[in-house]
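Below, each chain spelled out in residue letters.
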Number of protein chains: 4
Amino acid sequence: MIVKLKRNANQTDVTHLKEHLRNQGFELHESIGTSYSIFGVVGDTASFDMRSLYAYECVESVVRVQEPFKKVNRKFTQEDTIIDVNGVRIGGDNIVVMAGPCSVESKEQVDIIAKAVKEAGAKILRGGAFKPRTSPYSYQGMGVEGLQILKEAGDKYGMPIISELMSTENIDDFLQYVDIIQVGARNMQNFHLLKELGKLDKPILLKRGFSNTIEEWLMSAEYIMAGGNNNVILCERGIRTFEPYTRNTLDISTIPVVKKLSHLPVIIDPSHAAGKWDYVESLSLASIAAGADGLIIEVHHDPEHAMSDGAQSLKPKKFEELMTKAETVSSAVGKTLER
Amino acid sequence: MIVKLKRNANQTDVTHLKEHLRNQGFELHESIGTSYSIFGVVGDTASFDMRSLYAYECVESVVRVQEPFKKVNRKFTQEDTIIDVNGVRIGGDNIVVMAGPCSVESKEQVDIIAKAVKEAGAKILRGGAFKPRTSPYSYQGMGVEGLQILKEAGDKYGMPIISELMSTENIDDFLQYVDIIQVGARNMQNFHLLKELGKLDKPILLKRGFSNTIEEWLMSAEYIMAGGNNNVILCERGIRTFEPYTRNTLDISTIPVVKKLSHLPVIIDPSHAAGKWDYVESLSLASIAAGADGLIIEVHHDPEHAMSDGAQSLKPKKFEELMTKAETVSSAVGKTLER
Amino acid sequence: MIVKLKRNANQTDVTHLKEHLRNQGFELHESIGTSYSIFGVVGDTASFDMRSLYAYECVESVVRVQEPFKKVNRKFTQEDTIIDVNGVRIGGDNIVVMAGPCSVESKEQVDIIAKAVKEAGAKILRGGAFKPRTSPYSYQGMGVEGLQILKEAGDKYGMPIISELMSTENIDDFLQYVDIIQVGARNMQNFHLLKELGKLDKPILLKRGFSNTIEEWLMSAEYIMAGGNNNVILCERGIRTFEPYTRNTLDISTIPVVKKLSHLPVIIDPSHAAGKWDYVESLSLASIAAGADGLIIEVHHDPEHAMSDGAQSLKPKKFEELMTKAETVSSAVGKTLER
Amino acid sequence: MIVKLKRNANQTDVTHLKEHLRNQGFELHESIGTSYSIFGVVGDTASFDMRSLYAYECVESVVRVQEPFKKVNRKFTQEDTIIDVNGVRIGGDNIVVMAGPCSVESKEQVDIIAKAVKEAGAKILRGGAFKPRTSPYSYQGMGVEGLQILKEAGDKYGMPIISELMSTENIDDFLQYVDIIQVGARNMQNFHLLKELGKLDKPILLKRGFSNTIEEWLMSAEYIMAGGNNNVILCERGIRTFEPYTRNTLDISTIPVVKKLSHLPVIIDPSHAAGKWDYVESLSLASIAAGADGLIIEVHHDPEHAMSDGAQSLKPKKFEELMTKAETVSSAVGKTLER
């Protein structure tokens, strides 16, 4: 951490500041130039609230030079984390595709879609039973019954299932029925929820909030890992920008950036990023080429009547075409998409 | 709602679309130009998920022309809502200032600050007992004990208190100790929490998420009101943009925009927007001049040693100066800031 | 400037880096901690391209601690710059209002509007003769004839005039007819244009690009001042964000931020920020309360038939009401708006 | 175009609005619901300034349903445009790579780099002679001499050249020495420049401004085509967002979106998007997989001493590795990268 002092800083204030920093156990290295003076603050600054120093009038700016995340950090765990979900390995050299409907609507619907995506090569079944909707008047999901339907289809077709958890109150149901617990973009900084998930050993797929920086995202992963749960999968699903043609802007650069900063696997959700099904294929292939560990894709056999997100859902035939192309691109970058 | 069809749209698909819309109880008005055709969809489209229509291949674009919020909407409630919190009226022609420390740290700390802000003219005491922190290693707050300390100070100085709730598990404690429940920016779309708050009749201060649109913010207020709780106070605290000089960008325009769209009171939080105490005064005066109903400001007598947000906290003397100026600007725009 | 090295940095590479920095005339101060090493680089780093150091493989991050702007910097010129435009003083304790139509359309139109804004208390007449339009099919302005019309009205009503210059080819015409040359948001980083304006001594009003940081904006002002022209007026007109209710998001915080960083006057354009006339009054009063030196406002007597920006133009009666309120708010913050 | 009227709209105002629209040659189709009324406005609304209607008090909102671009629009030109630059075809099924230094620094430097990129398979040589720099104190480029150096190397190695034009004053030099004229991100809405380029028949590579929407970008292409120059190549180079880990956020979705909206070729610049050389490979492969027509990449044999953008320049060996992978990914998506 670097602290730059103001010109003409009050010396008593500077003395207080130095004392305060030394009291935290830090060592100070001063650099005094002709026009400014600077301290290098050395020690375990990762868990120190850097902004707090602005309360000192003598401080002009404070700059972090050490990442604030530890367990997530590749500096401390150099090998890629591979997470085994009932035999499906996420991370490493294989590409895993998770697919299924946005919302669970009925047993029949899930069965049709699960069968189709399994045949096309998806390894994990997705489906929402608790739905975060902008409007209180929109469809809110089937709840626990939806989880049971998913589980049944997962058992029938041999696929682990993933579903979104919105509240700590439902943790027990998720432990019973679900193989990967998804934390949605809107809950990425629901710290109460993250702490509870840190106490489990179930894999967690943590979506990036649509306006959160990569650093904040990794800090939310750190919350889960700090609690003792190391099974964290990161999922980029598009960020909010000024561009209206897409629902969100897929931040494809997160793939190389996160791969450099962290050892955790990275999955891409092209469906929510694009918001329209006809861009999903292009974004999926790009994600694999950029180095992602997998995809999570919305598929529906009758999107016109889907309870949610029909606009961005692929029909099974289109999904199968995508899987064929995804397999080819995976090989081109030295990865394997088993189907 | 307006639906524009693609050129060369498949007629069977168009027929299905029309049927689907009529099945929802909508009336259709067609406009057919030389180069495109359009439907006006008339009916209660506020609660209809407009994006779902993109699942039809014949649809090129869908545009909402009716706001999706109802109870929050000024069209249906023309008079300003005024919320009475133990005799302090929020909304209308008076300016209310809420002030206090970012975090409750001790009984003594709260007492010193409460006394100071009361004398300077603040009507409501703020203080955080459950703190949403980006890092799991940062100070997380005193919890229920913090609420008790706040309540004691509130009773002593005759000030209602406001504090942030992070989880439904603590609702009972908040009902007992707190007069206004604050929903923080990161929980603005924690729909599970909003639904529970809709069942109370305690006033709720709903902060705008730092990347949420005004429409989404009003929809979150709609969640609370749809549940039956009409006591919603909106709070703008800055949005996330590309500009690094301020912690967030205060969206001052929300004031006239929300006043036009809704009847709910609007409070501004200049402390979190600015992120540095020396911009707080300027933003506070601007907010009053723009038509806000009040302010919520962080004050600390010893910001250098504050457990959180020392950088953006005003010292009591500076806060008093601000209150004097705020009183003058309030008069200049025909409002009253009673002290 | 601070340079942080990677762990396990190659020592030959580090030696090359140090040589390179010393060759630029910098002094190096090293801080070596247990887990990282850092250099403080001391000297005139303002004009050094900091990002270039990332080309060294040993470099993990580079952080600037000195502002890259000099002539614009309040550290080197502590007193507020006041710019005298034919007797109208911009900066200091007076509030100056510039008003007029978006586009010059005819002699009669300008005459009607100039008379009205003069009577309401505006000191400077604005009007566009060369119009930057997103579409090649939109109205592009009257050109030089428009400038002549403005000048005539300015002479008749005793008002200096301001108009936007889009190309160096028209500089001579602007020198002849215009008192303040406006650089539009889209040309804020048209460096060829800025360099030419640096050679003049005519006042320049430099609008902030709708996606430029405050630092970039000040660097563009630095271009003009580096060329020798010190008469720079900064103008904030809203930035681009994700919020669609307003055309742009007025960044009100620029006022205290720029006042701290620079000695140059700051003018606010609420018309372009809001994009709708009914938000203009609220944003104008906020700007004055926040500490702006003045406003630039679009006024049209017949906005329904305006060639451009009718949506955000005030009618003369509404403008007069605004001026009355603006005068009161100016007094409330210790400034004077002479009418 | 759809116009929605306010509830209780003044009927005289509505009559004026209708007259005004009919005077523009438009046909009106009314839809009157129980709670609102709407007009469909039919005719050539592409060149009509939609926002102007907000000047009518009766208007609540105006929504465009027709794209404002014509010559650029795929609806009117269904086949992909292929641009032939001295035998190198841009567009269609081949992937073209443009490479070279950020700045031309000397004859030797350009010769070394041109030789290396040619051998690795690049078809077009890039290099900057006029440099847009944020700081007036940074290196500004070699000017015309730089163009001559580029041309000489282009002739020697059989590569057409591309360079950025910053001012209309240099058009003659560019016509003489350059094969593709690049318009930089900061000049994307320099309409004076675009108009002049519309009069040439030289290919233009139009970079997207870092905060411009796709629609604005296509409208700038429309400026060039409206002037008569159909040889426009679009280039995405990253947009400005809140994320600081990358210099810009590469908007990979522009590829499928623009391919749907327009027939023009799309090139990606991963170097400026990433801002760091180690992300360039990942973004390049992603771009090809997503459907781009080519890449423009910065290469330097001695990036530590480059005059600009050393941080994001690949060394020749790294570039060659990238080209090998790019060739494989091109095949995987059915395209050809000839080397």
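Thresholds applied
Along each chain, numbering runs from 1 in the same order as the chain's sequence is written. To read the labels, note that chains go from A and ligands from 1, taken in the order they are written. Thresholds applied to this predicted model are a pLDDT of at least 70 for local features of residues and 80 or more for the giving and counting of side-chain atom pairs; totals over whole chains, interfaces and linings are not thresholded and use all residues. Processing note: side-chain calculations cover all non-hydrogen atoms of the structure and skip hydrogens and water entirely. Secondary structure elements follow DSSP: runs of H or I of four or more residues count as helices, runs of E of two or more count as strands, with numbering from the N terminus. The buried label goes to any residue with under 20% of its type's maximum accessible area, the exposed label to any with over 50%, and the partly exposed label to all in between, with areas taken from a 1.4 Å probe on protein chains only. Computed with the Shrake-Rupley method and a 1.4 Å probe, the accessible areas treat only the protein chains shown as cover for residues. Counting rule applied: Lys, Arg positive; Asp, Glu negative; His and chain ends not counted. For the purpose of locating charges, the reference atoms are NZ of Lys, CZ of Arg, CG of Asp and CD of Glu. Note on definitions: a residue-residue contact is assigned when non-hydrogen atoms from the two residues lie within 4.5 Å. Buried area is a sum: the accessible area each of two parts loses on coming together, probed at 1.4 Å, counted once for each and added. When a carboxyl oxygen of Asp or Glu is within 4 Å of a side-chain nitrogen of Lys or Arg, the pair counts as a salt bridge. Whenever two N or O atoms come within 3.5 Å, that pair is a polar contact, provided that in protein one can donate a hydrogen and the other can accept it, and provided that, for residues adjacent in sequence, both atoms are side-chain atoms. For this scheme, ten residues count as nonpolar: Ala, Val, Leu, Ile, Met, Phe, Trp, Tyr, Cys and Pro. Four count as charged, namely Asp, Glu, Lys and Arg, and the remainder, Gly too, count as polar. Pairing of aromatic rings covers Phe, Tyr and the six-membered ring of Trp, with a centre-to-centre limit of 6.5 Å; geometry is then stacked below 30 degrees between planes, edge-to-face above 60, and tilted otherwise. Two thresholds decide whether a charge sits over a ring: the Lys NZ or Arg CZ must be within 6 Å of the ring centre and within 35 degrees of the ring normal. All copies are superposed by least squares; the fitting set is the C-alpha atoms of residues with a pLDDT of at least 70 in both. Pairing between two strands requires that DSSP report at least two bridges joining them. Here an angle of 0 to 180 degrees is reported between the N-to-C directions of two axes, which are lines fitted to C-alpha atoms, with helices fitted over the stretch in contact. What marks off one domain from the next here is an automatic or database domain assignment. Expected helix span is taken as 1.5 Å per residue step, with the number of steps being one fewer than the number of residues. Each angle receives one of four descriptions, namely roughly parallel if under 35 degrees, roughly antiparallel if over 145, roughly perpendicular if within 65 to 115, and oblique otherwise. UniProt positions are given in the numbering used here, feature names are shortened, and annotations may be inferred rather than shown by experiment. What is meant by a nonpolar core is a set of buried Ala, Val, Leu, Ile, Met, Phe, Trp, Tyr and Cys residues, joined one to another through side-chain atoms within 4.5 Å.

Explain the overall build of chain A residue by residue, including any values.
Scanning chain A for helices and strands turns up ten helices and 14 strands. Along the three orthogonal principal directions, the C-alpha set of chain A runs to about 75 × 45 × 40 Å. Each of the 339 residues in chain A was classed as buried or not, and the buried ones make up 68%. Carbon and sulfur atoms form 45% of the exposed surface of chain A, whose accessible area is close to 10,900 Å². Averaging the coordinates of the 39 positive side-chain charges in chain A and doing the same for the 45 negative ones gives two points 3 Å apart.

Before we move on, can you summarise the interface of chain D and chain B with the specific residues and values?
With 25 residues of chain D at the interface, the matching set in chain B holds 26 residues. Summing both sides of the interface, chain D and chain B together bury roughly 2,100 Å²; the carbon and sulfur share of this comes to 59%. In this assembly, chain D and chain B are joined by two salt bridges. A salt bridge links E60(B) to K75(D); the nearest nitrogen and oxygen atoms lie 2.9 Å apart. Summed over the shared surface of chain D and chain B, the number is two residue pairs in polar contact (both at pLDDT 80 or more). Those elements giving two or more residues to the side of chain D that touches chain B turn out to be β1 (2-5), β2 (27-32), β3 (37-42) and β4 (59-63) of chain D. When residues of the side of chain D that touches chain B are assigned to their parent elements, the largest contribution, four residues, is made by β3(D). A breakdown of the residues in the side of chain D that touches chain B according to their chemical character gives eleven nonpolar, eight polar and six charged.

Account for the packing of aromatic side chains, naming residues and giving values.
Applying the stated criterion to the full structure yields twelve aromatic pairs over all chains. A centroid spacing of 5.8 Å and a plane angle of 40 degrees characterise the contact between F130(A) and F174(A), whose relative ring orientation is tilted. Taken together, the residues F130(A) in the loop between β8 (124-126) and α3 (144-157) and F174(A) in helix α4 (residues 171-177) connect sequence positions 44 residues apart. With relative accessibility at 0%, the residue F174(A) sits in the buried group. Positioned above the aromatic ring of Y137(C) is the side chain of K70(D), whose terminal nitrogen or guanidinium carbon lies 4.8 Å from the ring centre.

Give me the relation of the copies chain D and chain B: which residues, what numbers.
Each copy of the sequence occupies a distinct position, and chain D is placed on chain B by a rotation of 180 degrees and an axial shift of 0.0 Å, giving an RMSD of 0.0 Å. Each copy turns onto its partner about a two-fold axis. Among all C-alpha atoms of chain D, that of F242(D) lies closest to the rotation axis, at 2.4 Å. Of the residues that chain D buries at the interface, 100% are likewise interface residues in chain B, meaning the two copies contact each other through the same surface.

Residues and numbers for the pairing of strand β14 (residues 294-298) of chain C, please.
All names here are of chain C. Summarising burial for β14: five of the five residues are buried, a large majority. Side-chain alternation along β14 places G294, I296 and E298 on one buried face and L295 and I297 on a second face that is also buried. Sheet topology note: the strand β7 (residues 96-100)/β14 ladder contains five bridges and is parallel. Among the inter-strand pairings, G100 is bridged to a residue of β14, identified as E298.

Talk me through the sheet that holds strand β10 (residues 180-183) of chain B; I want residue IDs and the actual numbers.
Residues and elements named next belong to chain B. Pairing is parallel in the closed barrel, where eight strands are placed in the order β7-β8-β9-β10-β11-β12-β13-β14. On average, each strand axis in the sheet is tilted by 25 degrees relative to the strand beside it, whichever way the strands run. Relative to strand β14 (residues 294-298), strand β13 (residues 266-268) is paired through two bridges, and the arrangement is parallel. Along β14, the bridge assignment pairs I267 with G294.

Can you break down the environment of I180(C) residue by residue, with the values?
All names here are of chain C. On the secondary structure map, I180 appears in strand β10 (residues 180-183). Residue class for I180 comes out buried when judged on its relative accessible area of 0%. With 24 residues separating them in the primary sequence, I180 and I204 have C-alpha atoms 5.6 Å apart. Ignoring sequence-local partners within four residues, the contact set of I180 consists of V85, I90, M98, I124, I161, I162, S163, P203, I204, L205 and I233.

Talk me through the relation of the copies chain B and chain A; I want residue IDs and the actual numbers.
Least-squares fitting of chain B to chain A yields an RMSD of 0.0 Å, with the transformation described by 0.0 Å of translation along the axis and a rotation of 180 degrees. Both copies present the same face, since 98% of the interface residues in chain B are matched by interface residues at the equivalent positions in chain A.

Summarise helix α5 (residues 191-198) of chain D; cite the residues concerned and give the values.
Because an α-helix completes one turn every 3.6 residues, residues spaced three or four positions apart along the sequence face the same direction. α5(D) sits mainly inside the fold: six of its eight residues count as buried. Residues of α5(D) that are buried make contact with α4 (171-177), β10 (180-183), β11 (204-207) and α6 (214-226) of chain D.

Give a description of the interface of chain B and chain A that names residues and reports values.
A common way to express how large an interface is: the accessible area buried when the components associate. Taken together, the contact pairs 53 residues of chain B with 52 residues of chain A. With both chains or domains summed, chain B and chain A bury close to 4,700 Å², and 51% of this area falls on carbon and sulfur atoms. On inspection of chain B and its partner chain A, the count reaches five salt bridges. In this structure, R240(B) and E216(A) form a salt bridge, with 2.6 Å as the shortest nitrogen-oxygen distance. Applying the counting rule to chain B against chain A returns 29 residue pairs in polar contact (both at pLDDT 80 or more).

Now, about unusual backbone geometry: what can you tell me, with residues and values included?
All names here are of chain A. Phi is positive for N86, which is not a glycine, with a value near 45 degrees. As for its position among the elements, N86 is in the loop between β5 (83-85) and β6 (88-90). Given the relative accessible area of 60%, N86 is considered exposed.

Report on the side chain of H20(D), specifying residues and quantitative values.
Looking at where H20(D) falls in the secondary structure, it is placed in helix α1 (residues 11-23). Not counting the four nearest positions on each side in its chain, H20(D) is found in contact with E304(C), H305(C), L53(D) and Y56(D).

Outline the domain arrangement of chain A, supporting the account with residue identities and numerical values.
For chain A, the domain assignment lists domain 1 (2-63) and domain 2 (83-332). Relative to domain 2 of chain A, the C-alpha centre of domain 1 of chain A lies at a distance of 43 Å.

Outline the pattern of salt bridges, supporting the account with residue identities and numerical values.
Close approach of charged atoms allows side chains with opposite charge to pair. Counted under the stated rule, the structure contains 102 salt bridges over all chains. We note a salt bridge from D49(B) to R133(A), for which the minimum N-O separation is 3.0 Å. You can see D49(B) sitting in the loop between β3 (37-42) and β4 (59-63) and its partner R133(A) sitting in the loop between β8 and α3, one on each of two chains. According to the relative accessible area criterion, D49(B) is partly exposed, its value standing at 23%. Because the salt bridges share partners, they merge into one network encompassing E281(A), K317(A), K318(A), E321(A) and K325(A).

Talk me through helix α6 (residues 214-226) of chain C; I want residue IDs and the actual numbers.
Residues and elements named next belong to chain C. Its 13 residues give α6 an end-to-end C-alpha distance of 18 Å, which sits within 8% of 18 Å, the value for a rise of 1.5 Å per residue. The buried count for α6 comes to eleven of 13 residues, which makes it a mostly enclosed element. Taken together, the buried positions of α6 are I214, E216, W217, L218, M219, S220, A221, E222, Y223, I224 and M225. Where α6 is buried, its residues contact α5 (191-198), β11 (204-207), β12 (232-236) and α7 (254-261). Phi turns positive one or two residues past the end of α6, at G228, with a value near 115 degrees.

Which residues make up the packing of α5(D) against α6(D), and what values do they have?
All names here are of chain D. It is at 6 Å that the axes of α5 and α6 come closest, and there the two elements cross at 40 degrees. Here α6 runs oblique to α5, going by the angle between their axes. Across the interface between the two elements, F191, L194, K195, L197 and G198 of α5 pack against S220, Y223 and I224 of α6. A breakdown of the residues in the contact of α5 with α6 according to their chemical character gives five nonpolar, two polar and one charged.

Any chance you could break down the UniProt feature "domain: DAHP synthetase I/KDSA" (unreviewed entry) in chain A for me, citing the residues and the numbers?
Look at the UniProt record and you will see "domain: DAHP synthetase I/KDSA" (unreviewed entry) annotated at residues 82-330 of chain A. Along residues 82-330 of chain A the backbone is 38% helical and 16% strand, and the end-to-end C-alpha distance reaches 18 Å.

Before we move on, could you go through the nonpolar core and cite the residues and values that matter?
Formed by 316 residues in total, the largest nonpolar core has its most connected members in F319(A), F319(B), F319(C) and F319(D). Discounting residues that sit within four places of it in the chain, F319(A) has contacts with V97(A), A99(A), V117(A), A120(A), A122(A), I297(A), V299(A) and L314(A).

So what's going on with the side chain of E216(C)? Which residues, and what values?
For E216(C), the position within the fold is in helix α6. Judged by relative accessible area, which is 11%, E216(C) ranks as buried. One polar contact links E216(C) to N212(C), side chain to side chain, over a distance of 2.7 Å. Engagement of the side chain of E216(C) in a polar contact is seen with the side chain of R240(D), the distance being 2.6 Å. Non-local contacts of E216(C), meaning those with residues more than four positions away in its chain, are made with M188(C), Q189(C), S211(C), T134(D) and R240(D).

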